[in-house]
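Here's the letter readout for the chains.
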Amino acid sequence: MKRLFFLPIFAFILLFSCEEGEKKDYLPNSIGAYNTLTVVIDNELWNSEVGDGIRESFAAPALGLTWDEALFSITQIPPKVFSGAVRNTRSVLYVMQDTLNLAHMKSNMYAKPQKVGVIKGRTKEEILTNLNEKAPEFITAFKRLELDEAQNRFLKSLSNEKALQNNFGVELNVPSIYKVGREEKDFVWIDRQIQKGNMNIIAYSVPWNTFSNDSTFVQDIVRMRDSIGGLFIPGEDIPGKKNHMITEKAFSPYVFPVEIAGRKAAEVRGIWEMSGYPMAGPFLTYIINDKPNNRKLVLEGFTFAPATEKRDYMFELEAIMKTVRFVD
């Protein structure tokens, strides 16, 4: 009798689980350009201090660019318009005044992969409190989602160059559009041409004890970069004057602790310039601890694209460099 009693319940649970799995499997693919955010909020809230708070957090200037560009390109739409293909946007922030006071992140609600940040409050003050508390977490989640999307797109057409593996014992998922432009002992330069310039990744290593003093860490990074620029990254010839890449003199770069390929590292964002010519652009450097090889491995991406927005170029370089893995 017990077996007969539990059999219908088990069958119902199995059927329900299958339906849920099928529903998830048949979600449409998410859509959207890199670093775009759909904000679902009614016009009255968008034009109030709530909208100001959203813009201050999610459209704040991205670090290390030559001019201000927002973290995310925001499209605002009212809830009644949030239907059809619009719901398949990859990154969504849903904000509304409601009888509930909550803030959380949901995954793959209408498409996959997708993140939907939900902010609700009974008053504007509650919405703002939830927004201020959750914005850093949501930004991290949206950024991770964008990086994953970019890295998945790279897999469609990867370069088969072995310069990084042969010289440093590492691999990167580099799109095939990038080509090795210079390869020497302990230095590799990979680049791709874009409409108004080029995007570049360089790799080199320095001794393990290069940064022995925490109090001069930033200055030592600048000296390292400027030395590499002098050796390997020359500019146009100028009579009687050496011209090469250096770190912008006017401002110190931003430095953060990070983890890359499971190893401690430093992330450096700033502006490069040429020592003898008015030319500049953003750079992103990762200095990765590689104790097994008694060295620091340095990966750097930089862009030259005058009079052009560079956020998404630098984002692509970041996504590439974060695929690094040690293979020796």
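Conventions we followed
Residues numbered from 1 in each chain as written. Predicted model: local features only at pLDDT ≥ 70, side-chain atom pairs only at ≥ 80, totals over all residues. Heavy atoms only, no water. 1 Å grid on protein atoms, 1.4 Å probe; cavity = no way out; pocket = protein on both sides within 12 Å on 5 of 7 lines; lining within 4 Å. Points joined across faces, edges and corners; volume = space filled by probe spheres on them. Helix = DSSP H or I, 4+ residues; strand = E, 2+ residues; numbered from the N terminus. Nonpolar A, V, L, I, M, F, W, Y, C, P; charged D, E, K, R; others polar. Phe/Tyr/Trp six-rings, centres within 6.5 Å; stacked < 30°, edge-to-face > 60°. Buried < 20%, exposed > 50% of the residue type's maximum accessible area, 1.4 Å probe, protein only. Lys NZ or Arg CZ within 6 Å of the ring centre and 35° of its normal. Polar contact = N/O pair within 3.5 Å; in protein donor to acceptor, adjacent residues only side chain to side chain. Axes fitted to C-alpha atoms, helices over the stretch in contact; angles between N-to-C directions. Parallel < 35°, antiparallel > 145°, perpendicular 65-115°, else oblique. Left-handed = near helix turned anticlockwise from the far one by under 90°. Contact = heavy atoms within 4.5 Å.

1. Notes on empty space enclosed by the protein
And step 1. Considering all chains together, one arrives at one cavity of 30 Å³ or more under this definition.
And step 2. A volume near 40 Å³ is recorded for the largest cavity.
And step 3. Of all the elements in the fold, those that place two or more residues in the lining of the largest cavity are strand 9 (197-207) and helix 6 (217-232).
And step 4. With three residues, the single largest contributor to the lining of the largest cavity is helix 6.
And step 5. A class-by-class count of the residues in the lining of the largest cavity yields five nonpolar, one polar and two charged.

2. Observations concerning the layout of surface pockets
And step 1. Within this model, the largest pocket holds a volume of roughly 570 Å³.
And step 2. Taken together, 23 residues make up the lining of the largest pocket; nearest its centre are Leu-71, Lys-143, Glu-267, Arg-269 and Glu-318.
And step 3. Elements supplying a minimum of two residues to the lining of the largest pocket: helix 4 (124-154), strand 12 (263-274), strand 13 (277-290) and helix 7 (311-321).
And step 4. It is helix 4 that contributes the most residues to the lining of the largest pocket, five residues altogether.
And step 5. Counted by class, the lining of the largest pocket contains 13 nonpolar, three polar and seven charged residues.

3. As for the packing of aromatic side chains
And step 1. This model, assessed by the stated rule, comprises 11 aromatic pairs.
And step 2. Summarising the aromatic geometry, the rings of Phe-187 and Phe-232 are spaced 4.0 Å apart at their centres and angled 5° between planes, so their arrangement reads as stacked. Of this pair, Phe-187 sits in strand 8 (residues 187-194) while Phe-232 sits in helix 6, and the two are 45 residues apart along the sequence. Like Phe-187, the residue Phe-232 is buried in the burial classification.
And step 3. Judged by centre distance (6.2 Å) and plane angle (75°), the rings of Trp-272 and Phe-302 are edge-to-face. Pair noted here: Trp-272 is in strand 12 and Phe-302 is in strand 14 (residues 295-304), with a separation of 30 residues, a long-range link. Accessibility classification places Trp-272 together with Phe-302 in one group, the buried group.
And step 4. Pairwise contacts between aromatic rings join Phe-58, Phe-72, Phe-138 and Phe-142 into one cluster.
And step 5. If you follow Lys-310 out to its NZ or CZ, it ends over the ring of Trp-67, 4.5 Å from the centre.

4. Digging into the side chain of Arg-192
And step 1. The topology assignment puts Arg-192 in strand 8.
And step 2. Of note is the side chain of Arg-192, whose polar atom sits 3.1 Å from the side chain of Glu-316.

5. Regarding the packing of helix 3 (residues 49-58) against helix 4
And step 1. Between helix 3 and helix 4, the least distance of the axes is 10 Å, while the angle of their chain directions is 20°. By the criterion of interaxial angle, the relationship of helix 3 to helix 4 is roughly parallel. Crossing geometry of helix 3 relative to helix 4 is assigned as right-handed. Where helix 3 abuts helix 4, its residues Glu-49, Val-50, Gly-53, Ile-54, Ser-57 and Phe-58 lie against Lys-124, Ile-127, Leu-128, Leu-131, Ala-135, Phe-138, Ile-139 and Phe-142.

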